[in-house]
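Residue-level structural notes
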Amino acid sequence: IGAGVVDPSWGEASIEELHRFVDAGLRVVKIRFSSMHYHANNKAAQRVFREIEELGVLPVCHSDWTNYSNPLILGDLASMFPDVRMVMQHFGEYLSFDAISVCRRLPNVYVDTSALVLPKNIVRFMEEVSPDRIMYASDTLSVRGGLQPQDALNRVTCLGLPKKKEEKVLGGNAEALLRSVGVKL
């Protein structure tokens, strides 16, 4: 499944790029605020999210410990757009408790398990938030997980989740979310 990438620092060109790849049939947009040194809740990001809301596509946002894209900053952006479902990649990395806190408060925020430091927080997320808003992913550097994607998969399968919950994490939730934005699977 293809995804386009936009950089809110491009200004109006980011909106044009968003339209270009949506017109080409893509329904997912990747945004990594920390590599751009842009705070996820700034005015340029809000402009991109207004357009994302209008187009009905899925933003997938990198999360980490920086002041640009930590879970609380991403949560602030997501709270401004309650009708936009957003994926917080990497479960906040070292800030997974903050990611859980944001998702408990905001039903439009999902997480993926890539770069997850504490795998047991998958169980905690399911108990405190929902088993329907967490998805397996393996997008991470090898320094955080060894051989990818197998180690990332092992972090999920070693938990002994009930079969139905494991199936949701390993594909069911992603399938439902992607279909909700018009991806044909």
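Our subject in this report is the structure included herewith.

Quick notes on a nonpolar patch on the surface
A cluster of nonpolar side chains, namely Trp65, Tyr94, Phe97, Val117 and Leu118, defines an oily patch on the protein surface of about 500 Å² accessible area. Counting through the fold element by element, Phe97 comes out in helix H5 (residues 96-105). Residue class for Phe97 comes out partly exposed when judged on its relative accessible area of 42%.

Overview of the sheet that holds strand S4 (residues 86-89)
The strand order across the open sheet built from six strands is S1-S2-S3-S4-S5-S6, with neighbouring strands paired in parallel fashion. Whereas interior strands pair on both sides, the edge strands pair on one side only; in this sheet they are strand S1 (4-5) and strand S6 (134-135). Of the pairings in the sheet, the one linking S4 to strand S5 (residues 109-112) comprises three bridges and is parallel in character. Within S5, the position partnered with Met88 by the bridge is Val111. In this fold helix H3 (residues 43-55) packs onto strand S2 (28-31), strand S3 (58-62) and S4, with an angle of close to 170° to the strand it touches most, S2. Packed onto the sheet, helix H4 (residues 71-80) meets S3, S4 and S5 and runs at close to 175° relative to S4.

Focus: the side chain of Ser130
In this structure, Ser130 sits in the loop between helix H6 (121-128) and S6. By relative accessible area, Ser130 is classed as buried at 12%. Among the polar contacts listed, one links the side chain of Ser130 to the backbone nitrogen of Asp132, at a separation of 2.9 Å.

Describing H6
Among all positions of H6, only Asn121, Ile122, Phe125 and Met126 are buried. Relative to the axis of H6, the buried residues are bounded by an arc of 150° and lie together on one face. In this fold, the buried residues of H6 make contact with H5, S5, S6, helix H7 (150-157) and helix H8 (163-180).

Thoughts on the pattern of salt bridges
Under the defined criterion, the tally for this structure stands at eight salt bridges. Of the charged contacts in the structure, one is a salt bridge between Lys163 and Glu167, with a shortest N-O distance of 3.1 Å. Here the residue Lys163 and the residue Glu167 both occupy positions in helix H8, the gap between them amounting to four residues, near one helical turn. Notably, a salt bridge pairs Arg179 with Glu175, separated by 2.9 Å at the nearest N-O pair.

Quick notes on the layout of surface pockets
Taken as a whole, the largest pocket holds about 310 Å³ of empty space. Elements supplying a minimum of two residues to the lining of the largest pocket: S3, S4 and H8. For the lining of the largest pocket, the element with the most residues is H8, which contributes three residues.

Digging into the nonpolar core
Generally speaking, a soluble globular protein has its nonpolar side chains buried in company with each other. With 42 residues, the main nonpolar core has Ile31, Phe49 and Ile52 as its most contacted residues. Residues within four places of Ile31 in sequence aside, it is in contact with Val6, Pro8, Met36, Val48, Phe49, Ile52, Val60, Cys61 and His62. Listed in part, the ten residues of the second largest apolar core include Val28, Val60, Met135 and Leu178.

Some thoughts on H3
Taking 1.5 Å as the rise per residue, H3 with 13 residues should run 18 Å; its terminal C-alpha atoms sit 18 Å apart, in good agreement. Considered for burial, the residues of H3 that qualify are Ala45, Gln46, Val48, Phe49, Glu51 and Ile52. Packing partners of the buried residues in H3 comprise helix H1 (12-23), S2, helix H2 (33-36), S3, H4 and S4. Positive phi shows up at Gly56, right after H3, with a value of about 70°.

Describing the packing of H1 against H3
Contact geometry of H1 with H3 gives a least axis separation of 10 Å together with a crossing angle of 25°. Relative to H3, the element H1 is oriented roughly parallel. Between H1 and H3 lies a crossing whose hand is right-handed. Across the interface between the two elements, Glu12, Ser14, Ile15, Leu18, His19 and Val22 of H1 pack against Arg47, Val48, Glu51, Ile52 and Leu55 of H3. Among the residues forming the contact of H1 with H3, the class breakdown is six nonpolar, two polar and three charged.

Quick notes on the rules
Residues numbered from 1 in each chain as written. Predicted model: local features only at pLDDT ≥ 70, side-chain atom pairs only at ≥ 80, totals over all residues. Heavy atoms only, no water. Patch = residues over 30% accessible without salt bridge, like charges linked within 9 Å, V, L, I, M, F, W, Y side chains within 5 Å. Areas by Shrake-Rupley, 256 points an atom, 1.4 Å probe, with all protein chains shown as cover. Salt bridge = Lys/Arg side-chain N within 4 Å of Asp/Glu carboxyl O. Helix = DSSP H or I, 4+ residues; strand = E, 2+ residues; numbered from the N terminus. Buried < 20%, exposed > 50% of the residue type's maximum accessible area, 1.4 Å probe, protein only. Pairing = 2+ DSSP bridges. Contact = heavy atoms within 4.5 Å. Axes fitted to C-alpha atoms, helices over the stretch in contact; angles between N-to-C directions. Polar contact = N/O pair within 3.5 Å; in protein donor to acceptor, adjacent residues only side chain to side chain. Arc of directions from axis to C-beta. 1 Å grid on protein atoms, 1.4 Å probe; cavity = no way out; pocket = protein on both sides within 12 Å on 5 of 7 lines; lining within 4 Å. Points joined across faces, edges and corners; volume = space filled by probe spheres on them. Core = buried A, V, L, I, M, F, W, Y, C linked by side-chain atoms within 4.5 Å. Expected span 1.5 Å × (residues − 1). Parallel < 35°, antiparallel > 145°, perpendicular 65-115°, else oblique. Left-handed = near helix turned anticlockwise from the far one by under 90°. Nonpolar A, V, L, I, M, F, W, Y, C, P; charged D, E, K, R; others polar.

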